[in-house]
Amino acid sequence: MFVRRFILRSTRLTLEEYSMDKMRTLQKSLLALCLFASAMASPTPKPTESLEALQIVSQGAQLFSTNMIKIVAKEQQDNLIASPLSANIALTMAANGAAGTTEEQFRHVLHLPSKTQTLTGFQQLINTMNNVENVTLNLANKLFIGKDFPVKSQYKQDLQTYFHSDIESVDFSQSAKAADTINTWSKEKTNNRIDNIVQADDLDSSLALVLANAVYFKGNWAHQFDPKATTDRPFHVDANNVKQVPTMFRKGNYKYVELPEHEAKCIELPYANKEVSMVIILPDKIDGLAALIDNIDAVMLDCNVRLAQTYEREVRVYLPKFKTESKLDLGNTLSTKMGLSEPFSNSANFNGISDLPLKIDKVVQKAFIEVNEEGSEAAAVTGIMLQTYAMVYEEKFEINRPFIYNIIKTSSINEETGVREVIPLFVGHVANPEY
Ligand SMILES: *[C@@H]1O[C@H](CO)[C@@H](O)[C@H](O)[C@H]1NC(C)=O
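Residues numbered from 1 in each chain as written. Predicted model: local features only at pLDDT ≥ 70, side-chain atom pairs only at ≥ 80, totals over all residues. Heavy atoms only, no water.

Here we take up the nonpolar core. Among the nonpolar cores identified, the biggest contains 94 residues, and Phe 106, Leu 209, Leu 211 and Phe 350 are the most heavily contacted of them. Counting contributing residues, this core receives three or more from each of domain 1 (2-220 + 323-385) and domain 2 (227-321 + 390-430). In contact with Leu 209, not counting residues within four places along its chain, are Leu 143, Phe 144, Ile 145, Phe 149, Val 151, Phe 172, Ile 353, Leu 358, Ile 384, Met 385 and Leu 386. In this structure, Ala 179, Val 364, Ala 379 and Met 385 belong to the second largest nonpolar core, which totals 22 residues. (Core = buried A, V, L, I, M, F, W, Y, C linked by side-chain atoms within 4.5 Å. Buried < 20%, exposed > 50% of the residue type's maximum accessible area, 1.4 Å probe, protein only. Domains from an automatic or database assignment. Contact = heavy atoms within 4.5 Å.)

Take a look at the structure:
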């Protein structure tokens, strides 16, 4: 949900005011998807290389984000809150331990550059995100390793150095206790907003490790809404249903643009740090949401580009207060709809993590958002569970040269000697097969 801001270009502006009074069809919190932070925010001087890496991974994160949202938003008929960034970071940690064609798939789906650039880029991204003034923005990563499971030290070191990840050993066979350890971490990193990211049932001794990412955001609006101005107003759930919902009101200067080609308009509501804002995309028609979701990549791109080009104008904003929680099972989405199938299969190659065979069992995300007069609070945790699997060797045994054969009768194993008696019934060889 953190989409990098686009380059500023100058443009003309339309001077007509429109009122969000006509706020109609936001039955899904599409707006929550569009909360965006500019990753290039704090201009601490950095070597060009890491700046370039940051730009590349930010662009990749943006592409992954729209791809993921396009699919997830379509699947979720109800309200939705998700954090593609959280999924992206957790998956990139897994990708860092992948090899061969498994790694290639990760690189393709996550739009990752070379391994060095990926590591540097994510290090910069996490640093930047964790240093945004005037709002609270925290990204945290953690690797939970099954007791006695051998993880390569280079992998652990990369996670610590580049993803600022903590590492803890847990006993997955004690599933209730292990779930509690992971859930306690989730709660701590999200101001208690995300709990039960894993259930005891999800965990057993086949589990080798859990990679987790938490994103927490809390920001006050640059211009808060006056609670006294909040009143019940009609909200058109669909063409036939209207309900009264507590709706905030503020008259003030905001950036908003019309997107006639998408039959929509969008507005940017900044937080106390002007580089972090909520962008709301409102379809013109009451039932226009589905069409917007179908085209979400273009809609978000056009909206962000045009917002960056426009100026603030006075507008009367009516915005419903809302709270949303989602639980997403991303494993299916990733493997069947986004092209990340191999990491979930028995051909998965996570050689960078361990010499023992590993594959992804589940990818789960829980997310929360609350939007009110003061501002917004949003949190997400993504957990990736990796389990060991029995390697299936597909070896070839091609009899294509002269060979010997026996037909034998065996006895059961002799308990004392540990060997079985073999009585050959026939013995022969084939030097030149004839039939
Ligand atoms: C943070 O808040 C201060 C005080 O209100 C303000 O001057 C400053 O511009 C804000 N920083 C950003 C990046 O918006």
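Now that the structure has been shown, the text picks up again.
At a closest axis distance of 9 Å, the pairing of helix α1 (residues 48-75) and helix α8 (residues 296-309) adopts a crossing angle of 130°. By the angle class used here, α1 and α8 are oblique. Contacts between α1 and α8 involve Thr 66, Ile 69 and Lys 70 from the former and Ile 296, Asp 297 and Met 300 from the latter. Tallied by class, the residues present in the contact of α1 with α8 amount to 3 nonpolar, 1 polar and 2 charged. (Axes fitted to C-alpha atoms, helices over the stretch in contact; angles between N-to-C directions. Helix = DSSP H or I, 4+ residues; strand = E, 2+ residues; numbered from the N terminus. Parallel < 35°, antiparallel > 145°, perpendicular 65-115°, else oblique. Nonpolar A, V, L, I, M, F, W, Y, C, P; charged D, E, K, R; others polar.)

Applying the stated criterion to the full structure yields 7 aromatic pairs. Aromatic pair Phe 106 and Phe 350: ring centres 6.0 Å apart, planes at 65°, arrangement edge-to-face. With a gap of 244 residues between them, Phe 106 in helix α3 (residues 100-110) and Phe 350 in the loop between α9 (330-337) and β11 (358-371) connect regions that are remote in the sequence. Residues Phe 106 and Phe 350 agree in their burial class; the two are buried. On the numbers, 5.0 Å between centres and 70° between planes, the contact of Phe 217 with Tyr 271 is edge-to-face. Placement of the pair is Phe 217 in strand β4 (residues 207-220) and Tyr 271 in the loop between β7 (264-270) and β8 (276-283), with a sequence separation of 54 residues. (Phe/Tyr/Trp six-rings, centres within 6.5 Å; stacked < 30°, edge-to-face > 60°.)

Close contacts around the ligand come from Glu 133, Asn 134, Ala 272, Asn 273 and Lys 274, and that covers them all. Separating an oxygen atom of the ligand from a side-chain N or O atom of Asn 134 is a distance of 2.2 Å. Residue Lys 274 places a main-chain N or O atom 3.2 Å away from an oxygen atom belonging to the ligand. Here the residues of the shell around the ligand sort into 1 nonpolar, 2 polar and 2 charged. (Near = heavy atom within 4 Å. Polar contact = N/O pair within 3.5 Å; in protein donor to acceptor, adjacent residues only side chain to side chain.)

This part takes up the pattern of salt bridges. Two side chains carrying opposite charge are able to pair once their charged atoms lie near each other. For the structure shown, the criterion picks out 16 salt bridges. Linking Glu 75 and Lys 337 is a salt bridge whose minimum nitrogen-to-oxygen distance equals 2.6 Å. Of this pair, Glu 75 sits in helix α1 while Lys 337 is found in helix α9, placing the two residues 262 residues apart along the sequence. Overall, Glu 75 belongs to the partly exposed group, its relative accessible area being 39%. Classification of Lys 337 as partly exposed rests on a relative accessible area of 47%. With its nearest N and O atoms 2.6 Å apart, the salt bridge here joins Arg 107 to Glu 103. Taken as a pair, Arg 107 and Glu 103 lie in helix α3 at a separation of 4 residues, close to a single helical turn. Using a relative accessible area of 25% as the deciding quantity, one classes Arg 107 as partly exposed. (Salt bridge = Lys/Arg side-chain N within 4 Å of Asp/Glu carboxyl O.)

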